[in-house]
Amino acid sequence: MTSETAVAPKIRPFEPGDLSALLAMNNAAVPAVSEATAEKLLDLINAALVCLVAEKEGNAVGFLLCLSEGIEYDSPNYHWLSERYSKFAYTDRICVDESTRGQKIGDAMYGALFNRMAGSGRTFLCEVNERPPNPGSLRFHNRLGFEEIGKADNGKVAVIYMQRDPKPTD
């Protein structure tokens, strides 16, 4: 293990100076996440329950954007989940910079989210692409305790909806 991989990332809330790095990560991850403009991404961040940023050596290397119920968001996935759950923490997107993948950065961001939401009673929700397939994300979310709750075919993209119940230990 190199010293690069041994150093855990710092997980912190979004800061305005992060936007360009997060936008680049987001758009490099298409089609696993939807493409965004700086304005669209900033609007989502401002509406978010929380936007967590993983930082290594002063650089943003990942982010997790989590939305709550009751916001205005034109997303078929958000609407599907909103029709079925009244209190939730929905991971709209999680991205890790390609150069730092495999270093448990996603685990660290989700761990911080679970800790932050501990005691809130919120169900954790997300979706993973089935078409185009994203088997790595499906394995990752299953390993974190997410389970399939439904599927939808939105034309170009088909998704698997997943949930993880809040646990007393979160």
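Just above sits the structure.
Residues numbered from 1 in each chain as written. Predicted model: local features only at pLDDT ≥ 70, side-chain atom pairs only at ≥ 80, totals over all residues. Heavy atoms only, no water.

Draft legend 1. The arrangement of the sheet that holds strand S6 (residues 147-153) in detail. Strand order in the open sheet formed by seven strands is S1-S2-S3-S4-S5-S7-S6, with mixed pairing between adjacent strands. With one partner strand each, in any of the chains shown, strand S1 (10-13) and S6 form the two edges of the open sheet. The sheet shows a mean angle of 30° between the axes of neighbouring strands, direction not considered. As judged from the four bridges shared by S1 and strand S2 (residues 50-56), these two strands associate in the antiparallel manner. Bridging from a neighbouring strand, Arg12 pairs with Val53 of S2. Along the sheet, helix H2 (residues 19-28) makes contact with S2, strand S3 (59-68) and strand S4 (88-96), crossing S3 at roughly 80°. (Pairing = 2+ DSSP bridges. Helix = DSSP H or I, 4+ residues; strand = E, 2+ residues; numbered from the N terminus. Axes fitted to C-alpha atoms, helices over the stretch in contact; angles between N-to-C directions. Contact = heavy atoms within 4.5 Å.)

Draft legend 2. The arrangement of the side chain of Thr123 in detail. Inspection of the secondary structure assignment puts Thr123 in strand S5 (residues 123-131). Ignoring anything within four residues of it in the chain, the contact list for Thr123 reads Tyr85, Lys87, Phe88, Ala89, Gln163, Arg164, Asp165 and Pro166.

Draft legend 3. Broad picture of the packing of H2 against helix H3 (residues 38-47). At a closest axis distance of 10 Å, the pairing of H2 and H3 adopts a crossing angle of 105°. Taken together, the axes of H2 and H3 are roughly perpendicular relative to one another. Each of Leu19, Leu22 and Leu23 in H2 lies in contact with H3, whose residues at this interface are Ala38, Leu41, Leu42 and Ile45. Its residues placed into classes, the contact of H2 with H3 shows seven nonpolar, no polar and no charged. (Parallel < 35°, antiparallel > 145°, perpendicular 65-115°, else oblique. Nonpolar A, V, L, I, M, F, W, Y, C, P; charged D, E, K, R; others polar.)

Draft legend 4. Spotlight on unusual backbone geometry. Residue Pro31 is reached from Val30 by a cis peptide bond, and omega for that bond is 15°. As for its placement among the helices and strands, Pro31 is situated in the loop between H2 and H3. Here the bond from Arg131 into Pro132 is cis, since omega is -5°, no more than 30 degrees from zero. If you trace the backbone, Pro132 turns up in the loop between S5 and helix H6 (135-143). One non-glycine residue with positive phi stands out, namely Glu57, at about 50°. Structurally, the position occupied by Glu57 is in the loop between S2 and S3. Note on Glu57: relative accessible area 69%, which makes it exposed. At Lys104, a position not held by glycine, the phi torsion is positive, near 65°. Looking at the secondary structure, you find Lys104 in the loop between S4 and helix H5 (105-116). (Buried < 20%, exposed > 50% of the residue type's maximum accessible area, 1.4 Å probe, protein only.)

Draft legend 5. Molecular detail of the pairing of S2. For S2, a buried count of seven out of seven residues is recorded, marking the element as mostly surrounded by other parts of the structure. Of the two faces of S2, the one carrying Val50, Leu52, Ala54 and Lys56 and the one carrying Cys51, Val53 and Glu55 are both buried. Count of turn residues in the S2/S3 antiparallel hairpin: two residues, of which Glu57 carries a positive phi of about 50°.

Draft legend 6. Summary view of the state of the cysteines. Using the criterion set out here, one finds zero disulfides in the structure. Cys95 provides the cysteine sulfur closest to Cys51, a residue in no disulfide bond, and the two sulfurs are 9.7 Å apart. Note on Cys51: relative accessible area 6%, which makes it buried. Unpaired in this structure, Cys66 has its nearest cysteine sulfur neighbour in Cys51, at a distance of 9.7 Å. (Disulfide = S-S within 2.5 Å.)

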